[in-house]
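So you can see what is in the structure, the chains are spelled out below.
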Amino acid sequence: MHTTILLVAIAVATPPMQEKAAIQRVLDDQAAAWNKGDLLGFMKGYLESDELSFYSGNNKTKGWKATLERYQKKYQGEGKEMGKLTFKELSIELLGDDHALVRGRFHLQLKADAPTGIFTLILRKTPAGWRIVHDHTSS
């Protein structure tokens, strides 16, 4: 008598609430880094790749390095300040197993100003965790 054993591989997906919590942590970590003046720490939320796209106003920035340089020029140049960043009105929607859409509002408290605006992020799940691959911010 021959016995046949059938092995079935089952992919265990992470529950959606855990994925959303992981995405929330990316944004929380970004705000915490920003508020310490740690721009490189803030940039860890973005995919470190030439694929990264950042749209703001009428400007398009392509690539992680160019996005970092944009932030440095705007917030760390002479006479500039980073202020205190908060994210509000967040909506996190999973778009399958490895992509997500985040919508929200940023608020930046500076010494003499308090700019605010809305944003849409697309995140991709990578081996290193969730990372922003596209950021469209309007103020």
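Quick caveat, the model's predicted, so the values are computed rather than measured. (Residues numbered from 1 in each chain as written. Predicted model: local features only at pLDDT ≥ 70, side-chain atom pairs only at ≥ 80, totals over all residues. Heavy atoms only, no water.)

(A) Up close: the nonpolar core. Ranked by internal contacts, the top residues of the largest apolar core, which has 29 residues, are Trp34, Phe42, Tyr46, Tyr71 and Val102. Elements with a minimum of two residues in this core: helix H1 (16-35), helix H2 (39-43), helix H3 (64-75), strand E3 (84-94), strand E4 (99-109), strand E5 (116-126) and strand E6 (129-138). If one sorts the elements of this core by residue count, H1 sits on top with 6 residues. Not counting residues within four places of it along the chain, the set of residues in contact with phenylalanine 42 comprises Gln30, Ala33, Trp34, Tyr71 and Leu85. (Core = buried A, V, L, I, M, F, W, Y, C linked by side-chain atoms within 4.5 Å. Buried < 20%, exposed > 50% of the residue type's maximum accessible area, 1.4 Å probe, protein only. Helix = DSSP H or I, 4+ residues; strand = E, 2+ residues; numbered from the N terminus. Contact = heavy atoms within 4.5 Å.)

(B) Region of interest: the layout of surface pockets. Approximately 430 Å³ is the volume found for the largest pocket. Lining the largest pocket are 25 residues, with Trp34, Tyr71, Tyr75, Phe106 and Leu108 positioned closest to its centre. Taken together, the elements giving at least two residues each to the lining of the largest pocket come down to H1, strand E1 (53-56), H3, E3, E4, E5 and E6. It is H3 that contributes the most residues to the lining of the largest pocket, 4 residues altogether. Per-class residue counts for the lining of the largest pocket are 15 nonpolar, 5 polar and 5 charged. (1 Å grid on protein atoms, 1.4 Å probe; cavity = no way out; pocket = protein on both sides within 12 Å on 5 of 7 lines; lining within 4 Å. Points joined across faces, edges and corners; volume = space filled by probe spheres on them. Nonpolar A, V, L, I, M, F, W, Y, C, P; charged D, E, K, R; others polar.)

(C) Molecular detail of the pairing of E5. Inspection of the sheet shows E4 paired to E5 by 9 bridges, in the antiparallel sense. Each residue of the ladder has a partner; that of glycine 104, found in E5, is phenylalanine 119. Linking two consecutive strands that pair antiparallel, namely E4 and E5, is a turn of 6 residues. Bridge count for E5 against E6 is 9 bridges, and the pairing is antiparallel. In the sheet register, threonine 120 faces E6, and the bridge partner there is histidine 136. (Pairing = 2+ DSSP bridges.)

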